[in-house]
Amino acid sequence: MLISDLYKSALELLAETNKSASFGDYEERTPYILALFCNEAADLDGKYRAANNLPPTPEYSALMLSFSEAFPLSDAFISSAVFYLASMLVFDENPEMSDKLFDKYTSRMAELYSNLPAGIEKIKNVYI
């Protein structure tokens, strides 16, 4: 799925079907917002890929993702990314809607995290 597809999905969530003055701002901020999402979700994506025997995350720009690029994380993160993007796009103009969308984003991320299998990891001894 391309970044432009995620952008269109976020606009549909926001019921932005007609061209409006805010679209230019949305288009300008989207590549940065989605890059931020990918950076925040990269660790969980790595664990998800390892648990599901998927190849490692491909290289992507940590600062900006262009509309023509493929979404770099696993497909399981697409809905979370759309909710996150929609939430961030309306953060200033509609805080209530932004909060509702952000809650859906966090719920999806928590669901992804909770579905990971348990594993054995070393524990750092902080009492030395």
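Here, the structure is the one placed above.
Treat the numbers as computed from the prediction; the structure is a model and nothing was measured. (Residues numbered from 1 in each chain as written. Predicted model: local features only at pLDDT ≥ 70, side-chain atom pairs only at ≥ 80, totals over all residues. Heavy atoms only, no water.)

A few words now on the overall build of the protein chain. When helices and strands are counted, the protein chain shows four helices and zero strands. For the protein chain, the N- to C-terminal ordering of α and β elements is α-α-α-α. Projected onto the principal axes, the alpha-carbon positions of the protein chain cover approximately 55 × 30 × 25 Å. Sorting the 128 residues of the protein chain into buried and exposed places 34% on the buried side. The long-range share in the protein chain, meaning contacts at least 24 apart out of those at least 6 apart in sequence, stands at 71%. Here the protein chain has roughly 8200 Å² of accessible surface; of this, 55% comes from carbon and sulfur atoms. Side-chain charges of the protein chain comprise 10 positive and 19 negative groups, with the mean position of each set lying 6 Å from the other. (Helix = DSSP H or I, 4+ residues; strand = E, 2+ residues; numbered from the N terminus. Buried < 20%, exposed > 50% of the residue type's maximum accessible area, 1.4 Å probe, protein only. Contact = heavy atoms within 4.5 Å. Areas by Shrake-Rupley, 256 points an atom, 1.4 Å probe, with all protein chains shown as cover. Lys, Arg positive; Asp, Glu negative; His and termini not counted. Charge placed at Lys NZ, Arg CZ, Asp CG, Glu CD.)

So, on to the nonpolar core. One finds Phe37, Phe71, Phe77 and Met109 to be the most contacted residues of the largest nonpolar core, which totals 32 residues. For this core, the elements supplying multiple residues, two or more each, are helix H1 (3-13), helix H2 (23-51), helix H3 (78-89) and helix H4 (95-114). Among residues more than four places away in sequence, those in contact with Met109 are Phe37, Ala41, Leu44, Phe77 and Ser80. (Core = buried A, V, L, I, M, F, W, Y, C linked by side-chain atoms within 4.5 Å.)

Looking now at the layout of surface pockets. In this structure, the largest pocket occupies an estimated 160 Å³ of space. Around the largest pocket, the lining residues are Lys47, Tyr113, Leu116, Pro117, Ala118, Gly119, Ile120 and Glu121. (1 Å grid on protein atoms, 1.4 Å probe; cavity = no way out; pocket = protein on both sides within 12 Å on 5 of 7 lines; lining within 4 Å. Points joined across faces, edges and corners; volume = space filled by probe spheres on them.)

The contact between H1 and H3 brings their axes to 9 Å, and the two run at 60 degrees. When the axis of H1 is compared with that of H3, the two are oblique. Here H1 runs over H3; the crossing is right-handed. Facing H1, whose interface residues are Leu6, Tyr7, Ser9, Ala10 and Leu13, H3 presents Ile78, Ala81, Val82, Phe83, Leu85 and Ala86. Its residues placed into classes, the contact of H1 with H3 shows ten nonpolar, one polar and no charged. (Axes fitted to C-alpha atoms, helices over the stretch in contact; angles between N-to-C directions. Parallel < 35°, antiparallel > 145°, perpendicular 65-115°, else oblique. Left-handed = near helix turned anticlockwise from the far one by under 90°. Nonpolar A, V, L, I, M, F, W, Y, C, P; charged D, E, K, R; others polar.)

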